[in-house]
Every structure is written in C-alpha cells, then in structure tokens.
Amino acid sequence: MVKHEPEIRRAKAKLYVEACNRAIHDAPWTAGRTNTIDSGGIYRALELAEQAYEAHDLPYEGGLSKMSKYPPGRFRWVWDDTGSADECVKVLDTKTGRSVVWPYF
C-alpha cells in the first residue's frame, strides 16, 4: 500500500469524514425515502454504524430490524488536524461525548 505525504492524507481524511457523515445523516433513507436510486446507502450506513460501535467497544447487533436499538445517527465523524496524519479521523459518540481515533481510515 502506498503511503501518501501527511498533507495528502489529511486532505483525503477531510473528504472521507464528509462522506461518512453524509452516508449516516444526509442519506435519503433518513427521511424515510427508501425507494430512490441511492437508497442502498442504508447498508453503507449500517456498516459504518457497526464499525463505530466496535471502535467505541460498545455492543452491537446488526440488521435493519435492530436499527432502532443501535441507531447509526448516534455517531459523527470528525476531522482533527491537530494530531498526526494517521490519526486525524475520529468518530464521536454523540450520546456519551467520547471521541476515538477511527481505525478504518
């Protein structure tokens, strides 16, 4: 795997954070529209939610039927340019206020 320069990794991280938040909070399915062309994004949201629960060492049960118990919207991805380029993506648990480095970037 090619390692990019820190400034390139930070720029990519910023775009990645925006994409994760869009998948979780701005997708059409969040408004109940699941029959649009990009409604498949719900599965991306569920995947991100599962990873976020794991990153926070929280229990998680997957599947659409468990979404109300484990809501993807509980998390927000944050771009932090104060640390190293390898740890500039963090995920914030809005329920507890705890932030951890996102290990999947």
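Above: the structure in question.
This is a predicted model, so every value here is computed, not measured.

Scoring rules and cut-offs
- Residues numbered from 1 in each chain as written.
- Predicted model: local features only at pLDDT ≥ 70, side-chain atom pairs only at ≥ 80, totals over all residues.
- Heavy atoms only, no water.
- Pairing = 2+ DSSP bridges.
- Helix = DSSP H or I, 4+ residues; strand = E, 2+ residues; numbered from the N terminus.
- Axes fitted to C-alpha atoms, helices over the stretch in contact; angles between N-to-C directions.
- Parallel < 35°, antiparallel > 145°, perpendicular 65-115°, else oblique.
- Left-handed = near helix turned anticlockwise from the far one by under 90°.
- Contact = heavy atoms within 4.5 Å.
- Salt bridge = Lys/Arg side-chain N within 4 Å of Asp/Glu carboxyl O.
- Buried < 20%, exposed > 50% of the residue type's maximum accessible area, 1.4 Å probe, protein only.

## Overview of the sheet that holds strand S3 (residues 99-101)
The pairing of strands in a sheet happens through backbone hydrogen bonds and is either parallel or antiparallel.
Step number 1: Strand order in the open sheet formed by three strands is S1-S2-S3, and the pairing between neighbours is antiparallel. Sheet topology places strand S1 (75-79) and S3 at the edges, where each strand pairs with a single neighbour. Averaged over all neighbouring strand pairs, the angle between strand axes comes to 30 degrees, with direction disregarded.
Step number 2: When S1 meets strand S2 (residues 89-93), the two strands line up antiparallel, connected through five bridges. Bridge pairing in S2 places Trp77 opposite Val91.

## Brief notes about the packing of helix H1 (residues 6-26) against helix H2 (residues 41-55)
Step number 1: Remark: H1 packs on H2, axes separated minimally by 8 Å, with the N-to-C direction vectors making an angle of 115 degrees. Judged by the angle between their axes, H1 and H2 are roughly perpendicular. When you trace H1 past H2, the crossing you get is left-handed. Residue-level contacts link Tyr16, Cys20, Ala23 and Ile24 of H1 to Arg44, Ala45 and Leu48 of H2.

## Describing the pattern of salt bridges
Step number 1: As enumerated under the stated definition, the model contains six salt bridges in all.
Step number 2: The shortest N-O distance in the salt bridge between Lys66 and Glu61 comes to 3.2 Å.
Step number 3: Lys66 gets classed as partly exposed once you look at its relative accessible area, which sits at 29%.
Step number 4: A network of salt bridges, in which partner residues are shared, links Glu61, Lys66 and Lys69.

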